[in-house]
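# Observations on chain architecture
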Amino acid sequence: MEYKKIRAIISGGGTGGHIFPAISIANKLMELNPENEILFVGAEGKMEMEKVPAAGYKIVGLPIKGLQRKLSLRNLVNDVKVPFMMLKSERMAGKLIDSFKPDVAIGVGGFASAPLLRKAVAKKVPALIQEQNGFAGLTNKMLAEKVQCICVAYDGMERFFPAEKIVFSGNPIRREFHPYSAEDKTEAIEFYGLTPGKKHLLIVGGSLGSGTLNNAMKKWIEDGCPGGEDVEIIWQCGKYYKNGIDEFMAGRDLPFIRYSDFIARMDLAYAASDVIISRSGASSISEICAVQRAAVFVPSPNVAEDHQTHNAMALVNKDAALMVRDADAPQQLLPTALALAADHEKIARLEANLAPLARLDAAQTIADEIYKLL
């Protein structure tokens, strides 16, 4: 395929699960042709306004907000404003399209993508959307009839989208995530100062952290770390919770637990681990499939349509991961993970079943579909 120079506009965001796949798509487009021009469109005040420029791309923010589903006076006021913000954002999106003149529009989900993609298809710009989750988001469901191509990461998405438009691509991930060798694990253990021969757990709460995962760890520590005699733990507690975890850990002599608010070398953290404990956002699922590490997922209950449970169950149903419900995590999470770490046969089975689910070429697949639209 010839990768001629194109102008692409990419819209969406709100969470890392939308932003990082979008950046991966942009990186692949620039890899295929360094003369490509890319403009991002996001929501004012959301994390894409920081993460996208940090990745080297220009972004324009729209004054758009999403509907709040929990009933409160503050949320009611927000929801009354949403239609007016949408109209203003669509006007701004139309002007952006007229000035940038994109050859293609790409939506990655989140409410920020709605006004841009709606205007793009109205102006006859070829359009593609990418759905990261096993339960389609509202914005992508609304756009499905209007775009030409829908890239998905899970089976059975024809219940949300027209089957003839679906391309199974997987979720784009950073290129450093791949199945790790024994040499990679040795390097990772040395990097983190861990002990060869012990079992290693990685607890990933995300950049802001997960209160549920942190509370499960705290309870396990308070109970005397049962079953942890031959285990070392890398624990990402998150920026939001770091001060509280510092206070909790003060005076506790637990050298086998290494905790921090952020993990810069996540590739090495994955490589060092025997078992991963994680939320089940789309990016986390895709990364764990790529690195092929046994995992225990704890779906967040605070997401639209409970999509993290759908994501996790897609792996659980294929005997490729375990799941503990959020409400059960304080009692069950660490015992479940430690039992898995001690079961070599089960780890091997889960990892073998993860292998066919990995999509290391997802960004390339999506980029090819973008060029096919042209």
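In case you missed it, the structure is sitting above this.
Once that is clear, we can look at the pairing of strand S8 (residues 199-204). Counting buried residues along S8, six of its six residues qualify, which places the element largely inside the surrounding structure. What you see with S8 is no split at all: Lys199, Leu201 and Ile203 on one side and His200, Leu202 and Val204 on the other are buried throughout. Across six bridges, the pairing between S8 and strand S9 (residues 231-236) is parallel. Within S9, the residue paired with Ile203 across the bridge is Trp235. Direction of pairing for S8 relative to strand S11 (residues 275-278): parallel, over a ladder of four bridges. Bridging across to S11, Val204 finds its partner in Ser278.

To continue, consider the sheet that holds strand S7 (residues 166-168). In a beta sheet, neighbouring strands pair by backbone hydrogen bonds and run either parallel or antiparallel. With respect to topology, seven strands assemble into an open sheet ordered S3-S2-S1-S4-S5-S6-S7, the strand pairing being parallel. Single-partner strands in this sheet number two, and they are strand S3 (58-62) and S7. Shown here is a sheet whose adjacent strand axes are inclined to one another by a mean of 25°, direction ignored. Seen against the sheet, helix H4 (residues 113-122) touches strand S1 (7-11), strand S2 (37-43), S3, strand S4 (104-107) and strand S5 (127-131) and runs at an angle of roughly 150° to S4.

Right, let's get into the state of the cysteines. Tallied over the full model, the rule gives zero disulfides. Not engaged in a disulfide, the cysteine Cys225 finds its nearest cysteine sulfur in Cys237; these two sulfurs lie 16 Å apart. Classification of Cys225 as buried rests on a relative accessible area of 9%.

A few words on the nonpolar core. If you look at the biggest cluster of nonpolar residues, it comprises 61 residues, and the most contacted ones within it are Leu202 and Tyr270. Within the second largest apolar cluster, 34 residues are counted, among which are Trp235, Phe256, Leu333 and Leu340.

Looking now at the packing of aromatic side chains. Evaluated as defined, the whole model comprises nine aromatic pairs. For the ring pair Phe177 and Tyr270, a centre distance of 5.3 Å and an interplane angle of 70° mean the geometry is edge-to-face. Taken together, the residues span a long stretch of sequence, with Phe177 in the loop between S7 and helix H6 (182-191) and Tyr270 in helix H9 (residues 266-272) at a distance of 93 residues. Taking the relative accessible area as the measure of exposure, Phe177 reaches 2% and is therefore buried.

In this section: the pattern of salt bridges. Here the structure, examined in full by the defined rule, presents 13 salt bridges. Here Arg118 ties to Glu90 by a salt bridge, and the two come within 2.5 Å at their closest N and O atoms. Placement of Arg118 in helix H4 and of Glu90 in helix H3 (residues 73-100) is noted, with a sequence separation of 28 residues between them. For Asp326, the salt bridge is made with Arg279, and the minimal N-O distance between the two is 2.8 Å.

Moving on, we get to the packing of helix H7 (residues 211-222) against helix H12 (residues 329-341). Remark: H7 packs on H12, axes separated minimally by 8 Å, with the N-to-C direction vectors making an angle of 75°. When the interaxial angle is binned, H7 and H12 end up roughly perpendicular. Note on element contacts: H12 touches H7 through Ala329, Pro330, Gln331, Leu333, Leu334 and Leu338, opposite Thr212, Leu213, Ala216, Met217, Lys219 and Trp220. Each residue belonging to the contact of H7 with H12 can be placed in one class, and the counts come to nine nonpolar, two polar and one charged.

In a pair of packed helices, the angle between the axes and the distance between the axes together describe the arrangement. It is the contact of helix H10 (residues 282-291) with helix H11 (residues 307-316), at a shortest axis distance of 9 Å, that shows an interaxial angle of 20°. It follows that H10 is roughly parallel to H11 by the angle criterion. For the pair H10 and H11, the sense of crossing is right-handed. Between H10 and H11, the contacting residues are Ala282, Ile285 and Cys289 on the first element and Asn311, Ala312 and Leu315 on the second. Split by residue class, the contact of H10 with H11 holds five nonpolar, one polar and no charged.

Along the polypeptide, Thr365 turns up in helix H14 (residues 362-373). In this structure Thr365 comes out as buried when scored by relative accessible area, which is 19%. Taking the C-alpha atoms as reference, Thr365 lies 29 Å from Ile263; in sequence the two are 102 residues apart.

So, how was this worked out
Residues numbered from 1 in each chain as written. Predicted model: local features only at pLDDT ≥ 70, side-chain atom pairs only at ≥ 80, totals over all residues. Heavy atoms only, no water. Buried < 20%, exposed > 50% of the residue type's maximum accessible area, 1.4 Å probe, protein only. Helix = DSSP H or I, 4+ residues; strand = E, 2+ residues; numbered from the N terminus. Pairing = 2+ DSSP bridges. Axes fitted to C-alpha atoms, helices over the stretch in contact; angles between N-to-C directions. Contact = heavy atoms within 4.5 Å. Disulfide = S-S within 2.5 Å. Core = buried A, V, L, I, M, F, W, Y, C linked by side-chain atoms within 4.5 Å. Phe/Tyr/Trp six-rings, centres within 6.5 Å; stacked < 30°, edge-to-face > 60°. Salt bridge = Lys/Arg side-chain N within 4 Å of Asp/Glu carboxyl O. Parallel < 35°, antiparallel > 145°, perpendicular 65-115°, else oblique. Nonpolar A, V, L, I, M, F, W, Y, C, P; charged D, E, K, R; others polar. Left-handed = near helix turned anticlockwise from the far one by under 90°.

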